[in-house]
Amino acid sequence: MADILLTAVINKSIEIAANLLVQEGTRLYWLEEDIDWLQREMRHIRSYVDNAKAKKVGGDSSVNNLLKDIQQLAGDVEDLLDEFLPKIQQSNKFICCLKTVSFADEFAMEIEKIKRRVADIDRVRTTYNITDTSNNDDDCIPLDRRRLFLHADETEVIGLEDDFNTLKAKLLDQDLPYGVVSIVGMPGLGKTTLAKKLYRHVRHQFECSGLVYVSQQPRAGEILIDIAKQVGLPEKERKENMENNLQSLLKIKRYVILLDDIWDVEIWDDLKLVLPECDSKIGSRIIITSRNSNVGRYIGGDFSIHVLQPLDSENSFELFTKKIFTFDNNNNWANASPDLVNIGRSIVGRCGGIPLAIVVTAGMLRARERTERAWNRVLESMGHKIQDGCGKVLGLSYNDLPIALRPCFLYFGLYPEDHEIRAFDLTNMWIAEKLIVVNSGNRREAESLAEDVLNDLVSRNLIQVAKMTYDGRISSCRIHDLLHSLCVDLAKESNFFHTEHNAFGVPGNVSRVRRITFYSDNNAMNEFFRLNPKPTKLRALFCFTKDNCIFFQMAHLNFKLLQVLVVVTPYDCFFSIPNTFGNMSCLHYLRFEGGIIGKLPNCMVKLKRLETLDIGNSLTELPTGVWKTTQLRHVRYKGFSQASNCCFSIIHVFPNVYSNNLQTLMWMNDEFFEPRLLHRLINLRKLGIRGVSDSTVKILSALSPVPKALEVLKLYFFVVPSEQIKLSSYPNIVTLHLNGRMRLNSEAFPPNLVKLTLFQFEVDGHLVTVLKKLPKLRILKMVWCKHMEEKMDLSGDGDSFPQLEFLHIREPFMLSEVTCRDDVSIPKLKKLLLKDGTSNVRLSERLAKLRI
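Rules used in this analysis
- Residues numbered from 1 in each chain as written.
- Predicted model: local features only at pLDDT ≥ 70, side-chain atom pairs only at ≥ 80, totals over all residues.
- Heavy atoms only, no water.
- UniProt positions renumbered as here; feature names shortened; annotations may be inferred.
- Helix = DSSP H or I, 4+ residues; strand = E, 2+ residues; numbered from the N terminus.
- Buried < 20%, exposed > 50% of the residue type's maximum accessible area, 1.4 Å probe, protein only.
- Contact = heavy atoms within 4.5 Å.
- Phe/Tyr/Trp six-rings, centres within 6.5 Å; stacked < 30°, edge-to-face > 60°.
- Expected span 1.5 Å × (residues − 1).
- Pairing = 2+ DSSP bridges.
- Axes fitted to C-alpha atoms, helices over the stretch in contact; angles between N-to-C directions.
- Left-handed = near helix turned anticlockwise from the far one by under 90°.
- Nonpolar A, V, L, I, M, F, W, Y, C, P; charged D, E, K, R; others polar.
- Patch = residues over 30% accessible without salt bridge, like charges linked within 9 Å, V, L, I, M, F, W, Y side chains within 5 Å.
- Areas by Shrake-Rupley, 256 points an atom, 1.4 Å probe, with all protein chains shown as cover.
- Salt bridge = Lys/Arg side-chain N within 4 Å of Asp/Glu carboxyl O.
- Parallel < 35°, antiparallel > 145°, perpendicular 65-115°, else oblique.
- pLDDT = per-residue confidence, 0-100.
- Arc of directions from axis to C-beta.
- Polar contact = N/O pair within 3.5 Å; in protein donor to acceptor, adjacent residues only side chain to side chain.

Named according to an unreviewed UniProt entry, the protein chain is AAA+ ATPase domain-containing protein originating from Solanum stoloniferum. The protein chain has a UniProt comment under Subcellular location (unreviewed entry) that states "Membrane".

And the structure:
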């Protein structure tokens, strides 16, 4: 797994090289050659490592040992770069001082040591004949269990009957676009089993048929020969001009072909040169299975996609029962004790609805006594046992990831199982740790690339989307427990991160831990820092804890390379922040959540590289001089206290302190808001103001020019304003959140508003009429609103809510009915959500059908 560390080294050497470009004419400019050498050498070594994996998998211990040496080398190089980069960035300001010359010489000496270690690794490789890292025997095709399974008779499908019926109807639909159905989903869901059943059920309705296994390393020629045999192409025509003969046959025959386990689009580009188009009058069909939704989308379009989901609890238990009693005459639990049945259900629950995991677990239990003691032992050790049984299948998806995406995927394992993870957090942490790097150094490009990476992981069905934004972007996501376990195991193997359970294996390893996460075991946290009193190699620290010892550690220890710090505590327990923190000079991302009380110490002001400060879901206050941290991009905090907000008064003392980098500011107190704030924060995209006054309403209504970057505005009113707010001159605001009571007219809303949240508003007929006319509104939320009329009528004159897709009403007061009297109003409404205190709210017939 040295490839992950090597990728980190390459990314960081790119950033250092960019910094060196501005040092021409100084001593540091001479180091550019060393950095270039380091970058080139690490790329070559990474290519070698990628090839060497195949031999390592085959059990070659010499290759395994060599990879460990390379991994240690890569880790040491990353340490060197992480220590060097802050110094070179600082030297941009003081390029003539002797200290700069000193660390430049020191760095050059360290590079010489690296060169000697690289030469020694090469000596070991050649001395012990560790040279052949690839399998070049093209004539040797290993036995593949999936290839055998594809042709096996078993097509039993449990819990997928609805999927089968949907796919059958789609496949036989005469108007099916491109003639393709694509069954996609994460590994282990039973895509092949379902596809086989579908294929065998319909193939008799076609003139010829074939099913072939494509695999990760497909050979188009062999696949076409296999298809040719199955569809009945004579042997003579297979030997001469086979491609043309096969194409001619399939043009006149109505065929169905199952292409199982397609990993990329390149093999399809080869096959489609021979396979005729299926959307012809003949009605031929192709069924594909893939772990990657984008592959299915490329081959058959969006309509072809059918995403397979995990089984529910009852179907999971039915499959488990079927596999447990495979060799019994009585296929039931009649002779089992209630306690054994309950243990069985607990075991099934740990499988997370993944058929492969259920089958593997049932196979383990069949080899054991059917007793409570034996089954409890399996239940206690299930994580590793299931992972061992499914590891090869899951590992294929990981190995198929581009090298640059692997550490981003492993990052999900730093969170607890079943945790809902915000996309905002992931992308900013990836950037903070330089897992995402763009050559230009442009932050917006890096954020866009990070979003692409997350979308890619979702398309590969390694990550599950939990929530989407109004414009179809990922808001939050989850990872399945099986894949979470895979992340934990692979991360430990590669020293990417450790958990509280696996950081204490080999003596001396604790001091080399680069990232660690504590889910629950508070004693493990104390033990880790006792064994590692100088955690100078730690890059990321995640604490999901009920013990406040973490704050004691932060106050005393040296975290000189720490870049990401996340502390999440229960909301009903209170934890005080210490008056000072230890060295965190490299910190880029800080997030506190829960009952964390106190003011961040002023030493935080010295964190010149801090980019994300997220304390919005805690009781933490900002330090006074926070705006001296010029790299800040995202600030989230509650802004309740005077202490938190006094940091804004610094604008009167240092008028140029605000950074052009700032993109998010949630929340600030109204008394510190003034026009020049928005004029200076030219990149501000999200702004929240608490306690909005009449003067702020006037400022926002009359501001000119309006901020071009502002997209999200949240306003919290404590009292009813006497002024009428006017936001119609803000063309780029697409999300508006208003909390409080006021009278609104059409000028109150931005012209391109897409999402509107009204919180604790008084809703009357006038307001509803205004809302109906918003031309681009797609999402409307009304929370804790007092309805001045018992009946809310959404009908109009044909132009009522022309774009509204989602209506959410929560805990309404005095609302008894929501109605729409015609079929032309709200023409695009897809979902109506009534939540909390809405059981007595009546809906008209059309709206009732859309309720979720």
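K.L.:
Quick question: what am I supposed to make of the overall build of the protein chain here?
P.N.:
Counting its regular elements, the protein chain contains 28 helices and 29 strands. Looking at the protein chain as a whole, 53% of its 852 residues qualify as buried. Sequence-distant contacts, at least 24 apart, represent 64% of the contacts inside the protein chain between residues at least 6 apart.

K.L.:
Would you mind showing me how to read the packing of aromatic side chains here?
P.N.:
For any two aromatic rings, the description comes down to two numbers: the centre-to-centre distance and the angle of the planes. Per the stated rule, a full pass over the model turns up 18 aromatic pairs. Plain terms: the ring middles of Phe 320 and Trp 375 are 6.1 Å apart, the flat faces sit at 75° to each other, and that makes the pair edge-to-face. Here Phe 320, found in helix H13 (residues 313-324), pairs with Trp 375, found in helix H16 (residues 372-380); they are 55 residues apart in sequence, far enough to count as distant. Note on accessibility: Phe 320 and Trp 375 belong to one class, buried. Both rings, one in Phe 412 and one in Trp 430, keep their centres 6.5 Å apart while their planes meet at 65°; by these two values the pair is edge-to-face.

K.L.:
So what exactly am I meant to see when it comes to helix H7 (residues 191-202) here?
P.N.:
Each α-helix turn comprises 3.6 residues. Residues three or four places apart therefore point the same way. Taking 1.5 Å as the rise per residue, H7 with 12 residues should run 16 Å; its terminal C-alpha atoms sit 17 Å apart, in good agreement. For H7, the complete set of buried residues consists of Lys 191, Thr 192, Thr 193, Leu 194, Ala 195, Lys 196, Leu 198, Tyr 199 and Val 202.

K.L.:
Is there a simple way to think about the sheet that holds strand S4 (residues 285-290) in this case?
P.N.:
Strand pairing in a sheet relies on backbone hydrogen bonds, with the paired strands running either antiparallel or parallel. The sheet built from five strands is open, its strands ordered S2-S3-S4-S1-S5 with parallel pairing. Edge positions in the sheet fall to strand S2 (208-215) and strand S5 (305-307), since each has one partner strand and no second. Averaged over all pairs of adjacent strands, the angle between strand axes in this sheet comes to 15°, irrespective of strand direction. Its contacts with the sheet place helix H8 (residues 220-231) against S2 and strand S3 (255-262), and it is angled at close to 160° to S2.

K.L.:
What am I meant to see in the packing of H13 against helix H15 (residues 355-366) here?
P.N.:
Two quantities define a packed helix pair, namely the angle between the helix axes and the distance between the axes. Axis separation between H13 and H15 bottoms out at 9 Å; the angle between their running directions is 35°. In terms of crossing hand, the pair formed by H13 and H15 is right-handed. Packed against H13, whose contacting residues are Ser 316, Leu 319, Phe 320, Lys 323 and Ile 324, the element H15 presents Pro 355, Ile 358, Val 359, Ala 362, Leu 365 and Arg 366 at the interface. Residue classes in the contact of H13 with H15 are distributed as eight nonpolar, one polar and two charged.

K.L.:
Help me out: how do you make sense of the environment of Gly 159 in this one?
P.N.:
Locating Gly 159 in the fold gives a position in the loop between helix H5 (145-150) and helix H6 (161-171). Non-local contacts of Gly 159, meaning those with residues more than four positions away in its chain, are made with Leu 311 and Asn 315.

K.L.:
Is there a simple way to think about a nonpolar patch on the surface in this case?
P.N.:
Where nonpolar side chains cluster on the molecular surface, the patch consists of Phe 574, Ile 597 and Leu 619 and spans about 280 Å² of accessible area. In this structure, Phe 574 sits in the loop between strand S12 (564-568) and strand S13 (575-576). By relative accessible area, Phe 574 is classed as exposed at 57%.

K.L.:
Whenever I open this one, the pairing of strand S8 (residues 474-478) confuses me. Can you help?
P.N.:
Across a regular strand the side chains alternate sides, sitting on one face of the sheet and then on the other. Pairing geometry for strand S6 (residues 421-422) and S8, over two bridges, is antiparallel. Note on S8: the bridge partner recorded for Ile 421 is Cys 477. Bridge analysis of strand S7 (residues 464-468) against S8 gives four bridges, and the strand direction is antiparallel. Looking at S8, one finds that Val 465 is bridged to Cys 477.

K.L.:
Just to check I follow, could you spell out the pattern of salt bridges for this structure?
P.N.:
Side-chain pairing between opposite charges can occur once the charged atoms of the two side chains come close. Per the stated rule, a full pass over the model turns up 44 salt bridges. Close ionic contact of Arg 514 with Glu 78 constitutes a salt bridge, the shortest N to O distance being 2.7 Å. Taken together, the residues Arg 514 in the loop between strand S9 (498-499) and strand S10 (515-518) and Glu 78 in helix H3 (residues 61-91) connect sequence positions 436 residues apart. Both residues of the pair, Arg 514 and Glu 78, count as buried. Asp 764 is paired through a salt bridge with Arg 743; the nearest N and O atoms lie 3.5 Å apart. With Asp 764 in the loop between strand S22 (762-763) and helix H27 (765-772) and Arg 743 in the loop between strand S20 (735-739) and strand S21 (755-759), the pair connects residues that are 21 residues apart, well separated along the chain. By relative accessible area, which is 21% here, Asp 764 ends up partly exposed. Through salt bridges with shared partners, a single network forms among Glu 78, Asp 79, Asp 82, Arg 514, Lys 537 and Arg 539.

K.L.:
Mind showing me how you'd approach the environment of Ser 816 here?
P.N.:
Residue placement: Ser 816 occurs in the loop between strand S26 (806-810) and strand S27 (817-819). When near neighbours in sequence (up to four residues on either side) are disregarded, Ser 816 contacts Glu 790, Asn 840, Val 841 and Arg 842.

K.L.:
Explanation requested: the environment of Pro 750 in the structure shown.
P.N.:
Relative to the elements of secondary structure, Pro 750 occurs in the loop between S20 and S21. Counting along the chain gives 24 residues from Pro 750 to Leu 774, while the straight-line C-alpha distance between them is 9.0 Å. Discounting residues that sit within four places of it in the chain, Pro 750 has contacts with Leu 727, Ser 728, Tyr 730, Ile 733 and Leu 736.

K.L.:
Mind showing me how you'd approach the packing of helix H14 (residues 338-350) against H16 here?
P.N.:
Look at H14 against H16: their axes get within 10 Å of each other, and the N-to-C directions meet at 15°. One element, H14, and the other, H16, form an angle in the roughly parallel class. In this structure, H14 crosses over H16, and the sense of that crossing is left-handed. Residues Asp 339, Leu 340, Ile 343, Gly 344, Ser 346, Ile 347 and Arg 350 of H14 form the contact with H16, whose own contacting residues are Glu 372, Trp 375, Asn 376 and Leu 379. Its residues assigned to classes, the contact of H14 with H16 shows five nonpolar, three polar and three charged.

K.L.:
What's the story with the sheet that holds S6 in this structure? I'm lost.
P.N.:
The strand order S6-S8-S7 describes an open sheet built from three strands, whose pairing is antiparallel. Looking at strand neighbours, the two that pair on one side only are S6 and S7, the edges of this open sheet.

K.L.:
So what exactly am I meant to see when it comes to unusual backbone geometry here?
P.N.:
Only a minority of non-glycine residues have a phi that is not negative, and only a minority of peptide bonds are not trans. Residue Met 666 is joined to Trp 667 through a cis peptide bond whose omega torsion reads -10°. Examined against the element boundaries, Trp 667 turns out to sit in strand S17 (residues 664-669). In this structure, the amide linkage connecting Ser 704 to the following residue, Pro 705, adopts the cis form with an omega of -5°. Located in the positive-phi region is Lys 434, a residue other than glycine, with phi close to 60°. Assignment of secondary structure puts Lys 434 in the loop between helix H19 (423-432) and helix H20 (443-459). Exposure remark for Lys 434: the relative accessible area of 11% places this residue in the buried category. Of note, Met 814 is a non-glycine position whose phi angle comes to about 75°, a positive value. For Met 814, the position within the fold is in the loop between S26 and S27.

K.L.:
For this particular structure, what's the right way to read the confidence of the model for the protein chain?
P.N.:
Caution applies to low-pLDDT parts of the model: their predicted coordinates are not meant to be read in detail. The predicted model of the protein chain averages 84 in pLDDT, with 87% of residues at 70 or higher. Counting interchain partners and residues more than four positions distant, the pLDDT-below-50 stretch residues 135-143 has five contacts.

K.L.:
Looking at this model, I keep getting lost on the side chain of Asn 532. Mind explaining?
P.N.:
The topology assignment puts Asn 532 in the loop between helix H22 (522-531) and strand S11 (540-544). With residues up to four places along the chain from it excluded, the contact list for Asn 532 reads Val 510 and Ser 511.

K.L.:
What is the right way to read helix H12 (residues 293-300) from this model?
P.N.:
Within the span of H12, buried status applies to Ser 293, Val 295, Gly 296, Ile 299 and Gly 300. Down the axis of H12, the smallest arc covering the buried residues is 160°, so these residues share one side. Lining the buried residues of H12 we find strand S1 (180-184), S3, helix H11 (265-271), S4, S5 and H20. Capping the start of H12 is the job of one residue whose side-chain oxygen sits 2.9 Å from the backbone nitrogen of Asn 294: Asn 292. Remark: Gly 301 follows H12 within two positions and exhibits a positive phi of approximately 80°.

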